[in-house]
Amino acid sequence: FFPSFLVSVPCLIVSFSTVMSTEQFVSPPKGGFTFDNVARNAMLERAGYKVPKAVKTGTTICGLIFKGGVILGADTRATEGPIVADKNCAKIHYIAPNIYCCGAGTAADTETVTNLIASKLELHRLQTSRQSRVGTACRQLKQLLYRYQGHVSAALVLGGFDVTGPVLYSIYPHGSTDKLPFVTMGSGSLAAMGIFESRYKKDMELEEAMQLVRDAIAAGIFNDLGSGSNIDLCIITKEGVDYKRTYDEANKKGVRHNQYTYAKGTTAIISEVVKPIVVSETVELVMEEGGVEDDDADEQ
């Protein structure tokens, strides 16, 4: 037993050292830009693979903390590329009786994610007999989105009022979050943020805060093609929730003053082909089982 063991150990050591000696260790770049994937991408393009295009989504959502709670705002336009699919889409989703969430990105993703977290929080309230906290909803949302590494296109503005007071979060599709007094998200967020940064004040009154959120969403509607139609607001306070569906119609449709009727011959006709339609008619006589004609049917 001992001689065989002593002989086998050097063999293992030699084989291990051989493998280690053949490995090549590449040191990471020390800094600056790296363009290692340029040649790979060029080769894939020559092979016929198309370069992936970024998905264009359109929305303007925002939220701010005022003196008595949180106000969330959103536009109501849903798009399918260059097509307006829905002019009155609800983008403020229910999470809990004291928590609501605005969603930007893919409509199906935002709807599914918010419904899933709302269901989990409902079970949590039934188990603990306590009011849901905004931080709990934020943690569950960010962990769910991080698990999918940004492939779930849901950019969220989460707001609510719990035992700690008014709370407002912005949640990005990759799972990162910010806790701020005012936030904007979506393709029209830059225009909305410009309004917030110029006019936001701490401890704003309700009417002033509502007007500010309305103007921020309107700025996104008029400066972003992916945003449009109406403005929805959701006011969350200690007393409850006031969801104002279609609070304002920022982009109203104009009245048509003319009839736009054109006389025959206004548009030039290059060629004209007339094909006659021949109609053939076949009449079949219906007989009764006995072979006798139904005179009453003929008279009718």
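Structure: above.
Worth saying up front: this structure is predicted, and the values here are computed from it rather than measured.

About the criteria used
Numbering of residues starts from 1 in every chain and runs along the sequence as written. In view of the model being predicted, local features appear only for residues whose pLDDT reaches at least 70, and side-chain atom pairs are presented and counted only at 80 or more, with totals across whole chains, interfaces and linings using the full set of residues. To obtain the side-chain values, all non-hydrogen atoms of the structure were used and water was disregarded. The numbering of helices and of strands both runs from the N terminus, where a helix is a DSSP run of H or I of at least 4 residues and a strand a run of E of at least 2. With a 1.4 Å probe rolled over the protein chains alone, any residue whose accessible area is under 20% of its type maximum counts as buried; one over 50% counts as exposed, and the rest are partly exposed. Polar contacts, as used here, are pairs of N or O atoms within 3.5 Å; protein pairs need one atom able to donate a hydrogen and one able to accept it. Residues neighboring in sequence count only if both atoms are side-chain atoms. Residue contacts are counted whenever heavy atoms from the two residues lie within 4.5 Å of one another. Within 6.5 Å between ring centres, the rings of Phe, Tyr and Trp (the latter by its six-membered ring) count as paired, and their orientation is classed by plane angle as stacked under 30 degrees, edge-to-face over 60, tilted in between. Here the nonpolar core consists of buried residues drawn from Ala, Val, Leu, Ile, Met, Phe, Trp, Tyr and Cys, with membership extended through side-chain atoms lying within 4.5 Å. In short, DSSP must find at least two bridges between two strands for them to pair. Working convention: axes come from line fits to C-alpha atoms, limited for helices to the stretch in contact. Angles between N-to-C directions cover 0 to 180 degrees. Note on definitions: salt bridges are taken to be side-chain nitrogens of Lys or Arg within 4 Å of carboxyl oxygens of Asp or Glu.

1. Topic: the side chain of threonine 184
Next up, step 1: Within the secondary structure layout, threonine 184 lies in strand β10 (residues 182-185).
Next up, step 2: Given the relative accessible area of 10%, threonine 184 is considered buried.
Next up, step 3: Polar contacts involving the side chain of threonine 184 include one to the main-chain carbonyl oxygen of serine 189, which spans 3.2 Å.
Next up, step 4: With residues near it in sequence (within four places) discarded, threonine 184 still touches Ile61, Cys62, Ser189, Ala192, Met193 and Phe196.

2. Points about the side chain of arginine 125
Next up, step 1: In this fold, arginine 125 is placed in helix α3 (residues 107-128).
Next up, step 2: By relative accessible area, arginine 125 is classed as buried at 14%.
Next up, step 3: There is a polar contact of 3.0 Å between the side chain of arginine 125 and the side chain of serine 132.
Next up, step 4: Apart from residues lying up to four places away in sequence, arginine 125 is in contact with Tyr94, Ile95, Ala96, Pro97, Arg130 and Ser132.

3. Comments concerning the packing of aromatic side chains
Next up, step 1: Evaluation of the coordinates by the stated rule reveals four aromatic pairs.
Next up, step 2: When the ring of phenylalanine 182 is compared with that of phenylalanine 196, the centres are 5.7 Å apart and the planes differ by 70 degrees; the resulting orientation is edge-to-face. Remark: phenylalanine 196 occurs in helix α5 (residues 189-199) and phenylalanine 182 occurs in strand β10; sequence separation between them is 14 residues.
Next up, step 3: By relative accessible area, which is 18% here, phenylalanine 182 ends up buried.
Next up, step 4: Ring pairs connect the aromatic residues Tyr94, Tyr100 and Tyr243, which therefore count as one cluster.

4. Description of the nonpolar core
Next up, step 1: In terms of nonpolar packing, the biggest core is built from 38 residues, with Leu64, Ile71, Leu72, Val157, Phe196 and Val213 touching the most fellow members.
Next up, step 2: If you look at the next biggest cluster of nonpolar residues, it comprises 20 residues, including Ala137, Leu145, Val152 and Tyr169.

5. Topic: the sheet that holds strand β8 (residues 165-171)
Next up, step 1: The strand order β5-β6-β7-β8-β9 describes an open sheet built from five strands, whose pairing is antiparallel. Of all strands in the sheet, those with a lone pairing partner are β5 (92-96) and β9 (177-179), marking the two edges. Averaged over all pairs of adjacent strands, the angle between strand axes in this sheet comes to 20 degrees, irrespective of strand direction.
Next up, step 2: By the bridge criterion, seven bridges tie strand β6 (residues 99-105) to strand β7 (residues 154-162) in an arrangement that is antiparallel. Note on β7: the bridge partner recorded for isoleucine 99 is glycine 160.

6. Re the pattern of salt bridges
Next up, step 1: Enumeration over the complete set of coordinates arrives at nine salt bridges.
Next up, step 2: With a closest N to O distance of 3.0 Å, arginine 214 and aspartate 215 form a salt bridge. The same class applies to arginine 214 and to aspartate 215, which are both buried.
Next up, step 3: If you follow the salt bridges from partner to partner, you end up with Arg199, Arg214, Asp215 and Asp248 in one network.

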